[in-house]
Structures are given as C-alpha cells and as structure tokens.
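Coordinates in review
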Amino acid sequence: MRTETNQRRPQSGRRPNSQSDSFSSGRRPNRRRFNGDRSNSNSRPSRGQGGGGGRNRKQPTFNPSQFINKNPVEVAEEVYVPKHQFTDFGLHGRLADSVKQQGIETPSPIQDQVIPLILDGKDVIGLAQTGTGKTAAFLLPLIQKTIEHKDEQTIILTPTRELALQVEAEFKKFGTNFKQWATTCVGGTNINPQIRSLKRRNHFIIGTPGRIMDLMDRGNLRTNKITNVVLDEADRMLDMGFINDIRKILDGIPADRQTLFFSATMTKEAEALVNDFMQNPVTISVSKKDVTDSIAQDVVPYEHSKKLDTLLSLLKKPELQRVIIFGAMKHSVEKLSIELSRNGIKAESIHGNKSHGQRQHSLRAFKSGNARVLVATDVAARGIHVDNVSHVINYDLPNTFEDYVHRIGRTGRGTKRGEALTFVPKKAGGDRR
Ligand code: AMP
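Our subject in this report is the structure included herewith. (Residues numbered from 1 in each chain as written. Predicted model: local features only at pLDDT ≥ 70, side-chain atom pairs only at ≥ 80, totals over all residues. Heavy atoms only, no water.)

**What about the pattern of salt bridges?**
Applying the stated criterion across every chain yields a total of 14 salt bridges. For the salt bridge of Lys173 with Glu170, the shortest nitrogen-to-oxygen distance reads 3.1 Å. On the criterion of helical spacing, the pair formed by Lys173 and Glu170 is a turn pair, its members being three residues apart in helix H4 (residues 161–174). We classify Lys173 as partly exposed; its relative accessible area is 37%. Taking the relative accessible area as the measure of exposure, Glu170 reaches 19% and is therefore buried. One salt bridge in this structure joins Asp276 and Arg247, with 2.9 Å as the shortest N-O distance. (Salt bridge = Lys/Arg side-chain N within 4 Å of Asp/Glu carboxyl O. Helix = DSSP H or I, 4+ residues; strand = E, 2+ residues; numbered from the N terminus. Buried < 20%, exposed > 50% of the residue type's maximum accessible area, 1.4 Å probe, protein only.)

Encoded structure:
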C-alpha cells in the first residue's frame with residue numbers, strides 16, 4: 001500500500017494517463033496538439049517513396065520562412081563566468097575527483113548556480129535545456145547529501161526511458177564510489193527485475209512516471225522514506241500527459257522533502273505544479289532565449305514523387321556526418337531507415353514499435369558512429385543526448401512549432417554548430433530557397 005504522507009493537496013481520483021512512457025505499446029498519454037507518433041495505423045497508407053507520412057496525412061500549416069535562418073548567431077558569444085570552481089562546493093574529495101575524471105573542469109552555468117542552493121537544502125526550479133549539464137547539477141549535490149546522511153533517498157522522474165537510462169549512466173560516473181545504489185524503473189521492460197531491485201536498499205530511484213506509479217500501486221515502491229525529488233524535463237513530462245501520475249507520486253512523498261524541478265520552459269501547468277508541491281523555490285534560469293537563433297536552418301523543396309531521391313542526394317554531401325532524420329509515423333520511420341540502408345547509407349531507426357533493447361541498440365550504433373543516420377519519431381527522440389549531430393533533417397513536417405524547436409535542438413548543442421533542413425513540398429515553399 002502506498003503511504004499517504006503529504007496532505008498538501010487532495011488526491012485527484014482517476015488516473016487517465018497512466019502510461020509507463022509515451023511509446024510503450026498500447027497505451028498512449030494524452031498530449032495536447034501532439035500526434036507525432038501516430039502509428040497504430042497500418043490502415044493509413046504511406047505513399048510516396050520511402051514512407052514519409054503520405055498524402056493522407058493532414059499537413060500542419062507552416063510558413064516555410066519559419067524554417068530558414070541563414071545567419072545563425074555565434075554561440076560562442078554567450079560567455080558565462082562561473083562564480084565557483086568544483087573545489088568551492090565542499091564536495092567530498094572522491095566526488096570532486098570523479099568529476100575531474102570525466103574531464104569536467106569548470107561548473108557549467110546551471111551547475112554554478114544550482115549546486116550551492118541544493119546543498120543548502122533549497123527547493124530549486126532550474127530552467128535549463130538538455131546539454132547544459134543539468135544532470136550533474138542535481139546529481140552531484142544529491143550524492144553529496146547522501147554521503148553526509150546515509151538515509152537520504154531520492155526519486156528522479158524523467159519523461160522517457162532513454163533519459164532515465166542516461167541519468168543512471170551519469171549517476172554511475174559519480175555515485176558508485178560511495179556504495180550508493182540506484183535502480184531504474186521504466187516502462188516497456190520486464191517489471192520483475194525492477195521489483196526485485198526495489199527490495200534492496202536504493203539511494204536513488206530513477207524512472208518514468210507511469211512505471212513508478214504502477215510500482216507504487218502494487219506496493220513494491222514505498223515512498224515514505226523519500227527525502228528528495230527531482231522532476232527532470234518536467235515540461236516534457238507534462239506535455240506527454242503525465243500530470244496526474246506526477247501529482248499522485250508527489251502526493252505520496254513526505255512533505256518535508258527537497259524538491260527540484262528542471263524544465264526547459266515554464267508553462268501554466270508547470271507553474272501550478274510548482275505552486276502545489278514546492279516550498280519557496282528559488283528559480284535559476286539558463287535557458288537560451290531562442291535556441292533556433294543559433295542553428296543554421298534551411299528548407300529542402302521536394303516533389304512528392306522524388307522525395308526519397310532528394311534525401312539520397314542530400315546525404316551524398318560529406319558534411320552531413322551525423323544526421324537525425326525525423327519522420328511522422330512509426331512505420332514510415334522504419335520504412336525510411338530500411339530504404340536508406342538499401343541505398344548504402346548506414347541507418348538505424350528509433351520509434352515506438354521497437355522494443356526497448358532494439359532502441360538502445362540503434363542509439364548505441366548512432367552514438368558510436370557505426371550508423372551515420374538515425375531516423376526517429378518525435379516522441380522516441382525526446383531527451384536523447386547525442387553529441388556532434390551535424391544535421392537534423394525534418395523529412396516530414398513537425399506537428400507544432402514547439403516540436404520543430406525540440407527537433408532542431410538535437411543539433412547545435414553546447415558550442416557546436418549545427419544545421420537543420422526541413423523538407424517542404426515544392427508548391428508550398430520550393431521557390432523560397
Ligand atoms: P545534460 O544532459 O544537460 O545533463 O548534459 C550532459 C552532458 O554534459 C554530459 O555529456 C556531461 O558529461 C556534460 N557535462 C556536464 N557538466 C559539464 C561541465 N561542467 N562542463 C562540460 N561538460 C559537462
């Protein structure tokens with residue numbers, strides 16, 4: 001049974017959005033205006049070469065000029081002078097050493113500002129995108145807290161299983177030196193090893209809201225000893241329809257916890273969550289005002305019957321070294337990746353029809369450079385952190401401009417320059433190039 005210890009908010013009864021994560025089979029979270037991974041539709045034929053959404057797909061209306069930015073601003077202009085060095089935070093010597101071993105020398109802006117606040121026990125709202133070092137910004141002080149007080153227990157909620165695994169990987173770089181243990185509980189994988197793992201002492205529990213909720217409902221995950229909560233990429237979790245799960249999870253955690261909220265943006269829904277569940281939070285913002293300013297963008301006009309050919313000739317350019325291609329639907333993404341492989345381009349795909357293991361395999365091949373191209377749906381690509389992506393190609397248009405920004409944010413990370421290319425049908429914008 002779940003222990004109800006936090007009485008700050010009444011429970012909302014029903015749980016309509018109880019998904020493990022967005023692309024596990026079967027259940028889908030509600031998501032406003034989002035149709036990115038609409039793939040149950042074998043009946044919805046994809047026409048044209050190589051898949052790509054087909055003519056039946058309702059095209060969102062965009063002005064193609066939104067996809068053009070020929071003069072990206074120099075990212076290097078943003079110089080942040082940190083107020084601290086890692087040695088200033090009072091981290092345990094071996095923890096500071098493990099940071100050094102990762103080649104991390106200076107705190108990133110989010111780390112510089114957030115680490116002292118977390119160590120001070122404050123609730124913190126960190127407005128920061130992926131790639132800013134936000135994971136270490138919360139992990140390092142929480143590991144330090146756990147070194148000092150062995151009874152600390154932290155739960156970290158992430159929108160996708162991929163992000164959960166990335167957080168776990170980051171934790172392993174720092175936390176295992178101290179006999180601190182973590183369990184990752186994500187949907188789409190066998191629950192039994194997670195149940196077994198939860199029976200042992202865990203200092204960190206990392207997971208997607210749906211699976212965490214399932215484990216709480218089954219009585220396998222007790223929340224009454226949790227002292228720290230991290231909501232990672234909170235805006236995406238809300239966007240994916242996890243609001244009720246998050247509220248129920250937070251309701252079950254003792255009120256005298258420390259709550260950390262990381263998000264790229266602050267929406268009304270996020271604000272309500274913060275007001276209901278955080279105590280006098282301090283906000284630190286390092287979000288770039290407009291990520292699209294720093295990424296070179298252009299459109300690729302295509303004729304419907306030659307869409308795949310247009311992509312193939314584009315991929316002949318050597319500067320397209322590491323490319324993520326976004327497609328609209330699971331089956332069209334799979335089809336396109338097969339077409340590319342047939343044409344001698346090493347491609348992998350990532351979408352909701354693939355098992356967790358298959359997606360990890362694809363991601364590894366892409367990260368290691370074995371595959372030059374990763375074809376992905378929007379939802380599957382969320383939260384993925386891959387360095388040095390030279391190009392993002394929107395083979396199918398995104399559903400919303402927000403999705404467009406998320407997509408192209410996969411490139412141009414940190415100070416690296418990236419380029420985004422968006423396929424637009426010739427009649428809609430082909431003459432703009
Ligand atoms: P994030 O997804 O925001 O947590 O960023 C993760 C990436 O940033 C990882 O590759 C980290 O190794 C790297 N990273 C974290 N902190 C720093 C830092 N202070 N300086 C440089 N790279 C960092």
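On we go.
**Focus on the nonpolar core**
Core analysis: the largest hydrophobic core is formed by 35 residues, its most contacted members being Phe138 and Ile143. Of all the secondary-structure elements, those providing two or more residues to this core are helix H1 (93–101), helix H2 (109–119), helix H3 (134–148), H4, strand E4 (204–207) and strand E6 (258–263). Each residue touching Phe138, except ones within four places of it in the same chain, is listed here: Ile118, Ile156, Val167, Val230, Asp232, Leu260 and Phe262. Listed in part, the 34 residues of the second largest apolar core include Ile205, Ile243, Leu250 and Ala270. (Core = buried A, V, L, I, M, F, W, Y, C linked by side-chain atoms within 4.5 Å. Contact = heavy atoms within 4.5 Å.)

**So, the sheet that holds strand E3 (residues 182–185)**
As a general point, the strands of a sheet are linked pairwise by backbone hydrogen bonds and lie either parallel or antiparallel. The strand order across the open sheet formed by seven strands is E3-E4-E2-E5-E6-E1-E7, and the pairing between neighbours is parallel. Only two strands of the sheet have a single partner each, and these edge strands are E3 and strand E7 (282–285). The mean angle between the axes of side-by-side strands here comes to 15°, regardless of whether they run parallel or antiparallel. Looking at chain direction, strand E1 (residues 124–127) and E7 are connected through four bridges and run parallel. Within E7, the position partnered with Val124 by the bridge is Val282. H3 rests against strand E2 (154–157), E4, strand E5 (228–231) and E6 of the sheet, and its axis sits at about 165° to E6. (Pairing = 2+ DSSP bridges. Axes fitted to C-alpha atoms, helices over the stretch in contact; angles between N-to-C directions.)

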